[in-house]
Amino acid sequence: MGSRSTIEWTEVTWNPTTGCDRISKGCDNCYALALSKRLKAMGTEKYQNDGDPRTSGPGFGVTLHPDTLDQPYRWRTPRVVFVNSMSDLFHAKVPLGFVRRVFEVMADTPQHTYQVLTKRSTRLRKLADKLDWPANVWMGVSVEDGDQLTRVDDLRAVPAAVRFLSCEPLLGPLTGLNLDGIGWVITGGESGPNARPVDSAWVRQIRDACQKADVAFFHKQWGGRTPKAGGRELDGQTWDEMPQLATAR
């Protein structure tokens, strides 16, 4: 079954693929890579395929899991679902045919809301017109610093009902961020023993841009050695704004 999630902006995770490769600064301390290494050592079946040690690691080789495609059909109540918390659906090693199968499942279970997140915005844009985009699929890109703002432009070309940005771990200011066509923005500081610090001014800049553009804003965490170490409040309040769900709850 899908796993109940401690991620504040979702309810459950569903991983029809696992594994990935690091491609930018935001990947340097990847939680999924570290977790996959532990899961492999524990003998977890889904995490026995190793990736390239230069960009991936033990248990983190890209692997398809067609046996998981029926999971959403078995959930009795509507859920908000983070798709591939342990992978990237738009990785080059995930065939278009399998991406389509995942989208077919999402379209066939309209009671759930699906959140898909990628760093591979170029492939996302290339495949977008080859996929059907049901109203219950939210599509997002990770944007950790100003060097990755082109991912936002790629996302804007995708006909998703909701387009969102995950600015986590936020590693620098997003000066010049254009929120046209974007419906939601998440910010967060990095966590873990090697966490890089986040400047509150970077987060405020994004929040203010969201308020000006009438875009939902969600501040997930300040981070630190643990995800909860720095708390969640920004200027004395918790920011938990989300787009309206496509389905009634």
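Before reading on, note that the structure itself is shown above.
Here the structure is a predicted model, which means the values were calculated and not measured. (Residues numbered from 1 in each chain as written. Predicted model: local features only at pLDDT ≥ 70, side-chain atom pairs only at ≥ 80, totals over all residues. Heavy atoms only, no water.)

### Focus: the nonpolar core
Within the largest apolar cluster, 50 residues are counted, with the highest numbers of intra-cluster contacts made by Trp14, Phe90, Trp133 and Leu165. Residues Trp9, Leu117, Trp184 and Phe218 belong to the second largest nonpolar core, which totals 11 residues. (Core = buried A, V, L, I, M, F, W, Y, C linked by side-chain atoms within 4.5 Å. Buried < 20%, exposed > 50% of the residue type's maximum accessible area, 1.4 Å probe, protein only.)

### Points about the packing of aromatic side chains
Scanning the entire structure with this criterion turns up nine aromatic pairs. Pairing Trp9 with Phe82 gives two aromatic rings, centres 4.9 Å apart and planes at 55°, and the pair type is tilted. Of this pair, Trp9 sits in the loop between β1 (3–4) and β2 (12–14) while Phe82 sits in strand β5 (residues 80–83), placing them 73 residues apart in sequence. For the pair Trp9 and Phe82, a shared accessibility class is recorded, and that class is buried. Measuring from ring centre to ring centre gives 5.8 Å for Trp14 and Tyr114, while their planes differ by 55°; the resulting arrangement is tilted. Of this pair, Trp14 sits in strand β2 while Tyr114 sits in strand β6 (residues 113–118), and the two are 100 residues apart along the sequence. With respect to burial, Trp14 and Tyr114 carry one shared label: buried. Grouping aromatic residues by their ring pairs yields a cluster made of Trp9, Phe82, Trp138, Phe164, Trp184 and Phe218. (Phe/Tyr/Trp six-rings, centres within 6.5 Å; stacked < 30°, edge-to-face > 60°. Helix = DSSP H or I, 4+ residues; strand = E, 2+ residues; numbered from the N terminus.)

### Concerning the sheet that holds β1
Hydrogen bonds along the backbone pair up the strands of a sheet, which may run parallel or antiparallel. The mixed open sheet is built from eight strands, whose spatial order is β1-β2-β5-β6-β7-β8-β9-β10. Where the open sheet ends on each side, the last strands, each with one partner, are β1 and β10 (216–221). Bridge count between β2 and β5: three bridges; the pairing is parallel. Across the sheet, Thr13 pairs through a bridge with Phe82, a residue of β5. (Pairing = 2+ DSSP bridges.)

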